[in-house]
Amino acid sequence: MSEPELIHLSAAEQARRFAAGTVSARALTSAYLARIEAVDAGLGAYLAVDAEAALARADELDAAHARGDELGPLAGVPIALKDLLVTRGLATTAGSRILVGWIPPYDGTVVARLRAAGAIVLGKLNLDEFAMGSSNESSAFGPCRNPWDRDRVPGGSSGGSAAAVASAQCAAALGTDTGGSIRQPAAFCGVVGLKPTYGRVSRYGVIAFASSLDQVGPMTRTVEDAALVLEVIAGLDPHDATSIDAPVPRYRDATAADAALAAVRGRTIGLPAEYFAGGADPDVLAAVEAAAKVYERLGAELVEVSLPHTAYALPTYYLLAPAEASSNLARYDGVRYGLRQARPGQSLADMYRETRGAGFGAEVKRRIMLGTFALRTGYYDAYYLRAQKVRRLIQSDFARAFERVDLLLSPTTPTPAFRLGEKTQDPLAMYRADIFTLGCNLAGLPGMSVPCGFTDAGLPVGMQLLAPALGEQALLGAAAAYEREVSAVDENGVPARRPPEVSP
């Protein structure tokens, strides 16, 4: 198989071929590096490419394979990381000028686990600054573009991750999801995106936005790949007090044909009335409703359910997340690391003010101000505390729904990818792009976006599957059953429909 063709294989298939000795880690890595060189100038998915280290690691893995060493499940597979994950010896910026030049002295837990599993890190991916955004346009280093239409956004905040996977610039990527930042760009770019249960994956080494909401997850071209990556990164971590002490299943088993069909046949899938009540693009609704009929054909029962506090998810999120951000981002003061705006005779307060003024972008400043206001004495009870009470009501809505159904199905986003610049002057319109994904984070549940069709204009549409806490196996099984039924990928994990070739 030629190098250009290797890049379109699924991560799982690449791992199988490496283990069988039919392809080398260097060949896979070289193919992706050539792809990045050829197309990324026109997309802007990568903020940094670590070619020398990637090739050196590939050679180490090839030598280990030749010796007969036991290697991990991702051995030889080139992956990339959202630049919110700290990487030892490789610059990490969070998409912000305030961290330019910072070289972390350690790997985050998920990065360390990927390396231990044999994955090869190609580089760091573009994102909205500090993961605050829905379009990747708030990145301090320029926007990323959607591979399906370069005039449109890839979504955010994990836009670089989604675009890199969709354009075959890596076999898989990691993103983070605070209010939909894995699932929404996955839908916009036509890839699989999985947000695990809160605490299923360690947050140690993830630059914090909103600590009670942030979660790391895989972005891949196939459901099996998402299962494979999740299996590697999930599990208890003593460095993260919020990580869950529960065994990590062999998630890949849930995607096998018989297991996937069993995950659907005889199950009850709920369609939240509030998510289908209007406001979504007709092409999006048509694709998701067609996907629901596929599940019905596979033996699932479809029932309408209600999540009555859905309308409050957006204001609740935009009180809680900025409040946590205002606290988490207080550490960027120019004293310890990152940008420092210093001048002779400057007071400490002036240094703080000038450093943060120069280092943070407009969206980050907006959220810090909103969060600080919500936490002020005299306003805390009226805003932050009330938002926490509504969060509990949203959690209760999901709990009641899951007493009746096994899974929930809805659109991931109300529209397909919008045009670059279309919403930058209207923050509320931008925030509404996440209206269907926010509740999942507020409730701490696992959620997944799976490609389910295209609009008449050829833009991808994603359907969202939600499950009870620690229900990732059910999500993966149901997603795999759909993927197989509609022949979304072939036996090698190559997508049936790919973005048009992109050139700079």
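Structural data are supplied above this passage.
Attention here is on the structure that accompanies the text. (Residues numbered from 1 in each chain as written. Predicted model: local features only at pLDDT ≥ 70, side-chain atom pairs only at ≥ 80, totals over all residues. Heavy atoms only, no water.)

1. A look at the environment of threonine 197
Here is the rule: The helix count covers DSSP runs of H or I at least four residues long, the strand count covers runs of E at least two residues long, and both are numbered beginning at the N terminus. In what follows, residue pairs with any heavy atoms lying within 4.5 Å of each other are defined as contacts.
Mapped onto the fold, threonine 197 is located in the loop between strand E5 (192–195) and strand E6 (216–220). Here the alpha-carbon distance between threonine 197 and asparagine 146, two residues 51 residues apart in the chain, equals 28 Å. Those residues within four positions of threonine 197 in sequence are excluded, and the remaining contacts are Gln215, Ile244, Gly444, Leu445, Pro446, Ala469, Leu470, Gly471 and Glu472.

2. Details of unusual backbone geometry
Our working rule: Partly exposed describes any residue whose relative accessible area lies between the buried limit of under 20% and the exposed limit of over 50%, with all areas from a 1.4 Å probe on protein chains only and scaled to the type maximum.
Residue serine 157 follows glycine 156 across a cis peptide bond; omega there is 5 degrees. Here serine 157 is to be found in the loop between strand E3 (120–125) and helix H6 (159–166). The backbone of phenylalanine 130 sits at a positive phi, close to 55 degrees, despite the residue not being glycine. The class of phenylalanine 130 is buried, set by a relative accessible area of 0%.

3. Quick look at helix H3 (residues 25–39)
Our working rule: Every helix has an expected span of 1.5 Å times one less than the residues it contains.
The first and last C-alpha atoms of H3 sit 21 Å apart over 15 residues, in line with the 21 Å expected at 1.5 Å per residue. All buried positions along H3 are accounted for by Ala25, Ala27, Leu28, Thr29, Ala31, Tyr32, Leu33, Arg35, Ile36 and Val39.

4. Considerations on the packing of aromatic side chains
Where we set the bar: Pairing of aromatic rings covers Phe, Tyr and Trp, the last through its six-membered ring, and needs centres within 6.5 Å; plane angles under 30 degrees mean stacked, over 60 mean edge-to-face, and all others mean tilted. For a ring to carry a charge above it, either NZ of a lysine or CZ of an arginine must fall within 6 Å of the ring centroid while also lying within 35 degrees of the normal to the ring plane.
Per the stated rule, a full pass over the model turns up 16 aromatic pairs. Taking the centre distance of 6.0 Å and the plane angle of 35 degrees together, the rings of tyrosine 295 and tyrosine 482 count as tilted. Here tyrosine 482 lies in helix H17 (residues 472–485) and tyrosine 295 lies in helix H10 (residues 282–297), a separation of 187 residues in the sequence. Each member of the pair, tyrosine 295 as well as tyrosine 482, carries the same accessibility label: buried. An aromatic cluster is defined as three or more aromatic residues linked by ring pairs; in this entry it consists of Trp102, Phe130, Tyr332, Tyr337 and Phe360. One residue, lysine 423, lies across the ring of phenylalanine 418, its end atom 5.0 Å from the ring centre.

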